[in-house]
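Summary of the model geometry
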Amino acid sequence: MTMRVLFIVNGLGLGNSTRCHSIIQRLTEEGAEVFVATSGNGIWYFADKSEVTSVFELQSLKYGAKEGQISILQTLAAIPSMLSILHRNMETLSSVLDD
């Protein structure tokens, strides 16, 4: 039986994506089938990786900003929106896991 692995890769940059990719490469060398759920830059980063069977898009969570800088107050004000995004992402992940 083939091991199936779902990576949920978070982050707006590529640091998490590149670190996870090296693990994904090793897992596929061992015969695993790998799927990735990610957002932002992770979508295009994993799109052409032959080791990844499928990429599922999640919505990004972002810090609030004011005048080009991260703002704690704007981030706190965005909590209702973030909760909505988290709910939609949970629905996506639930569907992926059911399949």
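None of these values were measured; they are calculated from a predicted model.

**Notes on the environment of Val34**
- For Val34, the position within the fold is in strand β2 (residues 33-38).
- Look at Val34 and you get buried, because its relative accessible area is 0%.
- In this structure, the C-alpha to C-alpha distance between Val34 and Val52, residues 18 residues apart in sequence, is 5.3 Å.
- In this structure Val34 touches Val5, Phe7, Ile24, Leu27, Thr28, Glu51, Val52, Thr53 and Ser54, once residues within four positions along its chain are discounted.

**A word on the sheet that holds strand β1 (residues 4-9)**
- Here three strands make up an open sheet; going across it, the order is β1-β2-β3 and the pairing parallel. The open sheet has two free edges, formed respectively by β1 and β3 (52-57), since each of these has just one partner strand. The mean inter-strand angle of the sheet, taken between neighbouring strand axes irrespective of direction, is 20°.
- In this sheet, β3 lies alongside β2 in parallel orientation, the contact comprising five bridges. The partner of Val34 across the bridge, within β3, is Val52.
- Most of the contacts of helix α1 (residues 15-29) go to β1, to which it runs at about 175°, and overall it touches β1, β2 and β3.
- On top of the sheet, helix α4 (residues 79-98) reaches β1, β2 and β3; it is set at about 170° to β1, its chief contact.

Parameters at a glance
- Residues numbered from 1 in each chain as written.
- Predicted model: local features only at pLDDT ≥ 70, side-chain atom pairs only at ≥ 80, totals over all residues.
- Heavy atoms only, no water.
- Helix = DSSP H or I, 4+ residues; strand = E, 2+ residues; numbered from the N terminus.
- Buried < 20%, exposed > 50% of the residue type's maximum accessible area, 1.4 Å probe, protein only.
- Contact = heavy atoms within 4.5 Å.
- Pairing = 2+ DSSP bridges.
- Axes fitted to C-alpha atoms, helices over the stretch in contact; angles between N-to-C directions.

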